[in-house]
Every structure is written in C-alpha cells, then in structure tokens.
Amino acid sequence: PHGHAFASRHHKNFLTVVVDSGMVSVVELIGTVEAADLIGVNRSTLSHWIAKGRIEPAQKLPGKTGVLLFTRSEVERVRDEYAASVGSDVEGQKA
C-alpha cells in the first residue's frame, strides 16, 4: 500500500490516502504524543518500543526530525498488549 499524509500544525490527527489493489481509502493517523497518551506510557518509552520493533510507525513526515505517525489500530493493539502485561504483573504480585 502507498499513502501520503496530509496534516496541519493545528491538528493532532493526520489523514493518509492509501491505494491498495486499486482500492482507495482514507486512514486516520496519530502522532507520537497522542499514541503515547492512548497507550498510557511516556514518549521516551514509546521511542524505546519503536527502536525495539514493539510498535511500527505507519509513516514519517518529511524532515530530519519528521513526526512519526501511527494507525489507531496499531496503537490500540500495543495498548491492549501493554494493559495485559501490566495486569499480569499486578496479579503475579498478589500471589
């Protein structure tokens, strides 16, 4: 799939147009601050997870320090995995 992100500095969310097998769709992308907030971690933890491959950015905006963008579904997947791991850690401490 190929896409292009369109954004404004005044909006948190980004839209990308994705063309895959002749089908065109618009996907909402979110930046690192909102992604970290949704998962419940700080930005440095999110950066560490990106480096380790635990979460995959969908796109990087142009520039040396271009914003990383994530699909909401990818962020929700990682949030759910994180919540499950935190929950199992808490349960393990109760025993």
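See above for the structure.
Described below are features of the structure shown in this document. (Residues numbered from 1 in each chain as written. Predicted model: local features only at pLDDT ≥ 70, side-chain atom pairs only at ≥ 80, totals over all residues. Heavy atoms only, no water.)

Turning to the nonpolar core, a few remarks are in order. The biggest cluster of nonpolar side chains holds 12 residues, and these are Ile30, Ala35, Ala36, Ile39, Val41, Leu46, Trp49, Ile50, Ile55, Phe70, Val75 and Val78. Those elements giving two or more residues to this core turn out to be helix H1 (32-39), helix H2 (43-52) and helix H3 (72-94). Discounting chain neighbours no more than four positions away, the residues touching Val78 are Ile39, Trp49, Arg54 and Ile55. (Core = buried A, V, L, I, M, F, W, Y, C linked by side-chain atoms within 4.5 Å. Buried < 20%, exposed > 50% of the residue type's maximum accessible area, 1.4 Å probe, protein only. Helix = DSSP H or I, 4+ residues; strand = E, 2+ residues; numbered from the N terminus. Contact = heavy atoms within 4.5 Å.)

Counted under the stated rule, the structure contains one aromatic pair. Positioned above the aromatic ring of Trp49, the side-chain terminus of Arg54 is 3.9 Å from the ring centre. (Phe/Tyr/Trp six-rings, centres within 6.5 Å; stacked < 30°, edge-to-face > 60°. Lys NZ or Arg CZ within 6 Å of the ring centre and 35° of its normal.)

Our next topic: the environment of Arg54. As for its position among the elements, Arg54 is in the loop between H2 and strand E4 (59-60). Along the sequence, Arg54 and Val78 sit 24 residues apart, while their C-alpha atoms lie 7.6 Å from each other. Aside from chain neighbours lying at most four places away, what touches Arg54 is Trp49, Glu74, Arg77, Val78, Glu81, Tyr82 and Ser85.

Overall, the coordinates contain five salt bridges when judged by the stated rule. In this structure, Glu28 engages Arg72 in a salt bridge whose closest nitrogen and oxygen atoms are separated by 3.4 Å. In this pair, Glu28 is assigned in strand E3 (residues 23-31) and Arg72 in helix H3, connecting sequence segments 44 residues apart. When its relative accessible area of 29% is taken as the criterion, Glu28 is described as partly exposed. A salt bridge links Glu74 to Arg77, with the shortest nitrogen-to-oxygen separation between them at 2.9 Å. Of this pair, Glu74 and Arg77 both sit in helix H3, three residues apart, which is roughly one turn of that helix. Relative accessible area serves as the criterion here: at 15%, Glu74 is assigned to the buried category. Several salt bridges share partner residues, and in doing so they unite Glu28, Glu34 and Arg72 into one network. (Salt bridge = Lys/Arg side-chain N within 4 Å of Asp/Glu carboxyl O.)

Function cannot be read off these values alone, since they describe shape.
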